Amino acid sequence: MNNNKIELSKLVNTQVTISGVAFNKKDGAIIKSDSGMVFVGGLSGWPDGYHGSAKIKVNGLLKSAVIPKAETNENGEISQGYDQDTTIYTIEDQKWSVE
């Protein structure tokens, strides 16, 4: 399945093919597609020269996880997290190629 604004939440636990642009984040390699940001499981970063420009196609098993909202404790320390509970998507057991 190629994505063109597909709803990722409906494809969790299925085999998918998603195309997008390669980016590196602190958490690992991602692709940005019409459907949003998807992490590429098992890949800590893209090869040199790919970040922000390479068009990538990734095939694998789509998984999701909820990252909780960051919280501030009584000492003012802020935990890891987002502004709100956020669902992230990862393609596991993946194979990727440059388009």
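Every value quoted in this text rests on a predicted model; they were computed, and no experiment measured them.

Participant: Before we go on, may I ask you to explain the sheet that holds strand β4 (residues 55-67) in this structure?
Facilitator: As summarised here, the arrangement of the 5 strands in space is β1-β2-β3-β5-β4, forming a closed barrel in which the pairing is mixed. Adjacent strand axes in the sheet meet at a mean angle of 55° when their direction is disregarded. Sheet topology note: the strand β3 (residues 36-40)/strand β5 (residues 86-98) ladder contains 2 bridges and is parallel. From the neighbouring strand, Val40 faces β5, where its bridge partner is Ile91.

Participant: Looking at this model, I keep getting lost on the pairing of strand β1 (residues 15-25). Mind explaining?
Facilitator: Walk down a regular strand and you will see the side chains alternate between the two sheet faces. Relative to β4, β1 runs antiparallel, the two being bridged by 7 bridges. Bridge assignment links Ile18 to a residue of β4, and that residue is Val58. As judged from the 5 bridges shared by β1 and strand β2 (residues 28-33), these two strands associate in the antiparallel manner. Across the sheet, Ala22 pairs through a bridge with Ile31, a residue of β2. What sits between the antiparallel neighbours β1 and β2 is a turn of 2 residues.

Participant: Looking at this structure, I do not really get the nonpolar core. What am I missing?
Facilitator: General note: in soluble globular proteins, nonpolar side chains tend to be found buried as a group. Formed by 18 residues in total, the largest nonpolar core has its most connected members in Ile31, Val38, Trp46 and Leu62. Contributions of two or more residues to this core are made by β1, β2, β3, β4 and β5.

Participant: Where do I start with the packing of aromatic side chains in this structure?
Facilitator: Any two aromatic rings considered together are summarised by their centre-to-centre distance and by the angle between their planes. Under the defined criterion, the tally for this structure stands at 2 aromatic pairs. Where Trp46 meets Trp96, the ring centres are 4.8 Å apart and the plane angle is 90°; that geometry is what we call edge-to-face. One end of the pair, Trp46, is in the loop between β3 and β4; the other, Trp96, is in strand β5, with 50 residues separating them in the sequence. A centroid spacing of 5.8 Å and a plane angle of 90° characterise the contact between Tyr50 and Trp96, whose relative ring orientation is edge-to-face. Taken together, the residues Tyr50 in the loop between β3 and β4 and Trp96 in strand β5 connect sequence positions 46 residues apart. A relative accessible area of 30% places Trp96 in the partly exposed class. The structure contains a cluster of three or more aromatic residues connected by ring pairs, namely Trp46, Tyr50 and Trp96. The positively charged end of Lys32 is found above the aromatic ring belonging to Phe23, 4.6 Å away from the centroid.

Reading the values: rules and limits
- Residues numbered from 1 in each chain as written.
- Predicted model: local features only at pLDDT ≥ 70, side-chain atom pairs only at ≥ 80, totals over all residues.
- Heavy atoms only, no water.
- Pairing = 2+ DSSP bridges.
- Helix = DSSP H or I, 4+ residues; strand = E, 2+ residues; numbered from the N terminus.
- Axes fitted to C-alpha atoms, helices over the stretch in contact; angles between N-to-C directions.
- Core = buried A, V, L, I, M, F, W, Y, C linked by side-chain atoms within 4.5 Å.
- Buried < 20%, exposed > 50% of the residue type's maximum accessible area, 1.4 Å probe, protein only.
- Phe/Tyr/Trp six-rings, centres within 6.5 Å; stacked < 30°, edge-to-face > 60°.
- Lys NZ or Arg CZ within 6 Å of the ring centre and 35° of its normal.

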